[in-house]
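Structural description and commentary
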Amino acid sequence: AMSVSPRPVVAVAQVTSTPDKEHNWAQCSGLVREAAQRGARLVFLPEGFDFIGTGPEQSLRLAEPLHGDTVGRYRQLARECEVWLSLGGFHERGPDWDSTGRIYNCHILLDSSGDVVATYRKTHLCDVELPGSVSFRESSFTNPGPELVPPVDTPVGKVLPLPLPWPPLGPPKPSLPALCPQLGLGVCYDLRFPELALALRGKGAQILTYPSAFTVTTGSAHWEVLLRARAIECQCYVVAAAQTGRHHEGRASFGHSLVADPWGTVVAQCRDGPGLCLADIDLEFLERVRRNIPVQQHRRRDLYGSPGL
């Protein structure tokens, strides 16, 4: 039989990070604990959950390796709360820090034992120049990630059992293991590249996540429409935790964290200010959408290829 959670199982946190790591930890850990109390099994934190610096120099100075204090605290938090954590954009001093002096924008996935399940380093770096509005060059201090990460099995959602043979042959057999929703990892600016989403979909993703710190200008114009587009074209749930409000004098973020279903409907959303939104991941609905409009089978791979396959 299908296992149905009586409460929402995915929580999306919206925060306002600053250069003060302790402030950010108090804000994020409080929301994780609240989400766990409300029944979430996987909590998504946005890009820059650790801090948002005033410029490249401060960001490089505050960055840490994966084995540093910040990730250690979140590993302990995952164990205490018995939740998985999507740490959506960590300023990582990677193994090449000593030679490059540059960092990675690293999306870390922790399980409920506090173990690192996956790390994805942002592949598309945000170099944007909008006269009179936005000027940002992530590539001036950040290395692009070298590869995509295959989707990861997660424990969230209304899970479907694997089908047994029909008609049954011989004596009754125990049910096969349940299918676990597969999570494909991205970060912020990656949202603008459907090729990445389609590659993750081609490798089995059922949930796509884009932890972000969209500017007010680009967010008000593009945020929701891009997320809903990725959900519709990939027939996936899309989970997007976002930064909100003013981080310091020189930077502010749009907010509006959300969850969109495979039909493109926004099923949960934050507005302004720090907080949470919660949603179910219903794989039965996802499979019905894919079955009713089988775009994967209709793709003309002979004409334009297929990302990820």
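Above this text sits the structure in question.
Bear in mind the structure is a predicted one, so any value in this text is a computation, not a measurement. (Residues numbered from 1 in each chain as written. Predicted model: local features only at pLDDT ≥ 70, side-chain atom pairs only at ≥ 80, totals over all residues. Heavy atoms only, no water.)

**Thoughts on helix H3 (residues 69-81)**
- Taking 1.5 Å per residue as the helical rise, H3 with its 13 residues ought to reach 18 Å, and the 18 Å between its terminal C-alpha atoms agrees with that figure.
- When H3 is considered as a whole, its buried residues turn out to be Thr 70, Val 71, Tyr 74, Leu 77, Ala 78 and Cys 81. Take H3 and look down its axis: the buried residues cluster within an arc of 115 degrees, on one side only.
- Where H3 is buried, its residues meet helix H1 (21-37), strand E2 (42-45), strand E3 (84-92) and strand E4 (104-110). (Helix = DSSP H or I, 4+ residues; strand = E, 2+ residues; numbered from the N terminus. Expected span 1.5 Å × (residues − 1). Buried < 20%, exposed > 50% of the residue type's maximum accessible area, 1.4 Å probe, protein only. Arc of directions from axis to C-beta. Contact = heavy atoms within 4.5 Å.)

**Quick word on the packing of aromatic side chains**
- In total, this model carries five aromatic pairs according to the counting rule given.
- Aromatic pair Phe 49 and Tyr 74: ring centres 5.2 Å apart, planes at 90 degrees, arrangement edge-to-face. One end of the pair, Phe 49, is in the loop between E2 and helix H2 (56-62); the other, Tyr 74, is in helix H3, with 25 residues separating them in the sequence. We note that Phe 49, like Tyr 74, is buried.
- Its end group placed over the ring of Tyr 104, Arg 121 keeps NZ or CZ at 5.9 Å from the ring centre.
- Cation over ring: Arg 251 sits above Phe 136, and NZ or CZ is 5.1 Å from the ring centre. (Phe/Tyr/Trp six-rings, centres within 6.5 Å; stacked < 30°, edge-to-face > 60°. Lys NZ or Arg CZ within 6 Å of the ring centre and 35° of its normal.)

**A few points about the sheet that holds strand E15 (residues 266-269)**
- Taking strand neighbours across the sheet as the criterion, the six strands line up as E8-E9-E10-E11-E14-E15 in an open arrangement whose pairing is mixed. Whereas interior strands pair on both sides, the edge strands pair on one side only; in this sheet they are strand E8 (152-153) and E15.
- In this structure, strand E11 (residues 237-240) lies alongside strand E14 (residues 258-260), joined through three bridges in antiparallel fashion. Counterpart to Val 238 in the pairing with E14 is Ala 260. (Pairing = 2+ DSSP bridges.)

**A look at the pairing of strand E13 (residues 251-254)**
- Judged from the four bridges that link them, strand E12 (residues 244-248) and E13 form a sheet pairing that is antiparallel. Each residue of the ladder has a partner; that of His 248, found in E13, is Arg 251.
- Linking E12 back to E13 in an antiparallel pair, the connection comprises two residues.

**A look at the side chain of Ser 29**
- Within the secondary structure, Ser 29 sits in helix H1.
- According to the relative accessible area criterion, Ser 29 is buried, its value standing at 4%.
- Within the structure, the side chain of Ser 29 is placed 2.7 Å from the backbone oxygen of Trp 25, a separation counted as a polar contact. (Polar contact = N/O pair within 3.5 Å; in protein donor to acceptor, adjacent residues only side chain to side chain.)

**Section: the pattern of salt bridges**
- By the definition in use, this model includes twelve salt bridges.
- Notably, a salt bridge pairs Arg 228 with Glu 224, separated by 3.8 Å at the nearest N-O pair. Of this pair, Arg 228 and Glu 224 both sit in helix H6 (residues 216-234), four residues apart, which is roughly one turn of that helix.
- The exposure class of Arg 228 is partly exposed, given its relative accessible area of 34%.
- Through salt bridges that share partners, Glu 47, Lys 122 and Glu 138 make up one connected network. (Salt bridge = Lys/Arg side-chain N within 4 Å of Asp/Glu carboxyl O.)

**So, the sheet that holds E2**
- Overall, mixed pairing links the six strands, which are arranged E5-E4-E3-E2-E1-E16 in an open sheet. Of all strands in the sheet, those bounded by a partner on one side alone are strand E5 (116-121) and strand E16 (275-279). Each adjacent strand pair in this sheet contributes to an overall mean axis angle of 20 degrees, direction not counted.
- In this structure, E2 lies alongside E3, joined through four bridges in parallel fashion. Its bridge partner lying in E3, Val 43 is registered against Leu 85.
- On the sheet, H3 packs against E2, E3 and E4 and is oriented at approximately 175 degrees with respect to E3. (Axes fitted to C-alpha atoms, helices over the stretch in contact; angles between N-to-C directions.)

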